[in-house]
Amino acid sequence: MSKEKESIEDIYLGTKEVSENLKFDNNKLQEWLDENIKSVGRIQTVEQFKGGQSNPTYKITTENKKLVLRRKPPGKLLPSAHAVDREYRVITALAETNVPVPATYGLCEDSDVVGTPFFVMDFLDGKVYWDHMLPSVSKEERIKIYQQKNQVLANLHSVDYKKVGLETYGKPGDYVSRQVSRWTKQYLASETDSIPAMNNLIEWLPANIPNEDETTIVHGDFRLDNMIYKNHEVIGVLDWELSTLGHPIADFSYHCLTWRTLPAMQDLKLLKELGIPSEVEYRDMYSENTGKDLSKNWEFYMVFNIFKVAAICQGILGRVRDGTASSKHAEERGMQVYPLSDGAWSIVEAYFK
């Protein structure tokens with residue numbers, strides 16, 4: 001494993017002392033735990049996870065349990081942002097399905113306990129992988145890890161959202177057209193330059209949405225480092241902040257953007273040597289797991305998702321322009337709108353013209 005990759009894992013994995021602005025009264029939390037979790041015992045340590053979650057997340061070690069507390073950040077927030085209540089709802093609903101999620105112990109909307117609404121779930125003791133090439137495991141283990149994450153997403157998309165009580169978790173139907181409209185508006189609101197490829201995509205996408213609408217639960221950000229593995233099996237899917245009701249193929253193809261954005265994932269000889277499936281093999285694996293034929297409209301969904309990421313990048317550029325971008329790398333990331341939109345439009349010209 002390279003020093004760079006070790007440093008990335010060191011930055012994001014594990015826990016640290018709780019930041020001063022995110023501390024709370026442990027005694028108030030203890031009272032809540034005693035009321036909501038049987039035989040929890042006294043709190044021994046409270047640590048903050050290093051990962052850059054938008055919702056501060058803590059590891060709570062008590063005499064008898066290891067727990068995770070996930071809360072809204074303090075301060076003024078957008079009305080629909082940081083919706084820990086939605087995360088709690090979907091994780092709890094999926095507990096009785098074949099989608100691996102931590103057990104939940106309750107949602108607290110009383111800001112007097114830790115300062116903001118929060119929920120508590122089990123701590124899952126396993127491994128998180130960041131590098132898609134999985135250098136720390138064997139070829140056989142890589143094959144299993146890729147099969148596992150494909151199967152887990154297929155399982156999620158096969159859940160009957162009405163049966164698990166999530167019929168009001170989002171708007172059913174028309175997900176892709178609503179997303180195209182949303183990200184077009186977001187892009188135009190933060191536009192800093194006229195980008196021909198983005199203008200072309202804004203015109204082309206609404207007129208070419210496939211006529212194959214369906215609705216399932218979608219994760220919204222399903223990726224390798226949002227899963228916890230034990231013995232190379234997924235024991236928990238995390239970070240449900242962007243989940244909703246949506247189109248499963250849009251969700252799956254977003255997950256597959258890795259093959260388009262990482263050069264190593266396009267080296268078929270290397271992938272074969274490592275035991276990592278190619279994009280087509282991984283797509284066909286999902287088809288086998290779900291019975292859905294993805295080959296016909298696959299490139300449309302790729303164009304759609306690249307457009308969405310490009311629009312997000314433009315939003316970052318808009319914040320750089322307005323002086324509200326928080327990261328020193330914001331401008332560099334925002335500038336990806338140019339190669340991304342060019343790449344998306346080149347797919348349209350190659351497959352649809």
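Everything below is about the structure printed above this text.
The present account deals with the structure reproduced in this document. (Residues numbered from 1 in each chain as written. Predicted model: local features only at pLDDT ≥ 70, side-chain atom pairs only at ≥ 80, totals over all residues. Heavy atoms only, no water.)

Overview of the packing of aromatic side chains
As a reminder, the rule being used: Note on ring pairs: Phe, Tyr and Trp rings are taken, using the six-membered ring of Trp, and paired if centres are within 6.5 Å. Classes follow the plane angle, with under 30 degrees stacked, over 60 edge-to-face and the rest tilted. Per the convention used, a helix needs a DSSP run of H or I reaching at least four residues, while a strand needs a run of E reaching at least two, with both numbered from the N terminus. Using a 1.4 Å probe on the protein chains alone, a residue whose accessible area is under 20% of its type maximum counts as buried, one over 50% counts as exposed, and one in between counts as partly exposed. Each ring is checked for a lysine NZ or an arginine CZ that lies within 6 Å of its centre and within 35 degrees of its normal; such an atom marks a charge sitting over the ring.
In the structure shown here, the tally under the stated rule is 14 aromatic pairs. Seen from their ring centres, Y129 and Y229 are 5.5 Å apart, and the 65° between their planes marks the pair as edge-to-face. Taken as a pair, Y129 in the loop between β6 (118-122) and α4 (139-158) and Y229 in strand β8 (residues 227-230) lie far apart in primary sequence, 100 residues in all. The pair formed by Y129 and Y229 is uniform in burial state, with each residue classed as buried. Grouped by ring-pair contacts, the aromatic residues Y146, F252, W259, Y282, Y286 and W298 constitute a single cluster. Positioned over the ring face of Y169 is R86, at 3.9 Å from the centre of the ring. Positioned over the ring face of Y254 is K308, at 5.0 Å from the centre of the ring.

Some details on helix α3 (residues 84-93)
We count it as follows: Between two residues, a contact is recorded if the distance between any of their heavy atoms is within 4.5 Å.
Among all positions of α3, only V84, E87, Y88, V90, I91 and A93 are buried. Its buried side turned inward, α3 meets β4 (66-71), β5 (104-108), β6 and β7 (216-218).

Description of the environment of T184
Within the secondary structure, T184 is located in helix α5 (residues 175-189). Taking the C-alpha atoms as reference, T184 lies 33 Å from V99; in sequence the two are 85 residues apart. Sequence-distant contacts of T184, that is, excluding residues within four places in its chain, are made with I202 and F307.

Observations regarding the pairing of strand β2 (residues 43-49)
To be explicit about the condition: For two strands to be treated as a pair, DSSP must find no fewer than two bridges joining them.
The pairing of strand β1 (residues 15-16) with β2 spans 2 bridges and is antiparallel. Paired with K16 across the bridge in β2 is Q48. Note: β2 against strand β3 (residues 57-62), 5 bridges, orientation antiparallel. Bridge pairing in β3 links I43 to T62.

A look at the packing of helix α7 (residues 248-255) against helix α10 (residues 279-290)
In plain terms, the rule: Lines fitted to C-alpha atoms define the axes, with helix axes restricted to the stretch in contact, and inter-axis angles between N-to-C directions lie between 0 and 180 degrees. In this scheme the crossing of two helices becomes right-handed for a clockwise turn of the near helix relative to the far one and left-handed for an anticlockwise turn of less than a right angle.
For the pair α7 and α10, interaxial distance at closest approach is 11 Å and the crossing angle is 145°. In this structure, α7 meets α10 at a crossing whose hand is right-handed. Touching P248, F252 and H255 of α7 are Y282, R283 and Y286, all from α10.

Digging into the nonpolar core
To be explicit about the condition: Definition used in this section: a nonpolar core is a set of buried Ala, Val, Leu, Ile, Met, Phe, Trp, Tyr and Cys residues joined via side-chain atoms within 4.5 Å.
Among the nonpolar cores identified, the biggest contains 80 residues, and L94, M198, L201, L205, I217 and W240 are the most heavily contacted of them. Of all the elements, helix α11 (residues 298-322) adds the most residues to this core, at 12 residues. Setting aside anything within four residues of it in sequence, one finds W240 in contact with E87, V90, I91, L94, V99, V101, L156, Y169 and H219.

A word on unusual backbone geometry
In this structure, L134 takes a positive phi of about 50° despite not being glycine. Given a relative accessible area of 1%, L134 falls into the buried group. A positive phi angle, close to 60°, is found at D174, a residue other than glycine. Take D174: it is sitting in the loop between α4 and α5.

Focus: the pattern of salt bridges
Inclusion rule: Any Lys or Arg side-chain nitrogen located within 4 Å of an Asp or Glu carboxyl oxygen qualifies as a salt bridge.
For the structure on display, the rule yields 13 salt bridges. For K23, the salt bridge goes to E20, with nearest N and O atoms at 3.2 Å. E20 sits in the exposed class, given a relative accessible area of 64%.

Some words on the sheet that holds β3
Taken together, 6 strands build an open sheet; the order of strands is β1-β2-β3-β4-β6-β5 and the sheet is antiparallel. In the strand order of this sheet, the two ends are held by β1 and β5, each with one partner. Direction of pairing for β4 relative to β6: antiparallel, over a ladder of 5 bridges. Paired with R71 across the two strands is F118, which belongs to β6. Strands β4, β5 and β6 of the sheet are contacted by α3, whose axis makes an angle of about 155° with β5.

Observations concerning the pairing of β4
Within β4, 5 of the 6 residues are buried, which leaves the element mostly enclosed by the surrounding structure. Sheet topology note: the β3/β4 ladder contains 5 bridges and is antiparallel. Opposite T57, over in β4, you have R70 as the bridge partner. Two successive antiparallel strands, β3 and β4, enclose a turn made up of 3 residues.

Here's the deal with the environment of R86
Mapped onto the elements of the fold, R86 is located in helix α3. Placed 105 residues apart in sequence, R86 and E191 show a C-alpha to C-alpha distance of 31 Å. Aside from chain neighbours lying at most four places away, what touches R86 is Y169, S243 and T244.

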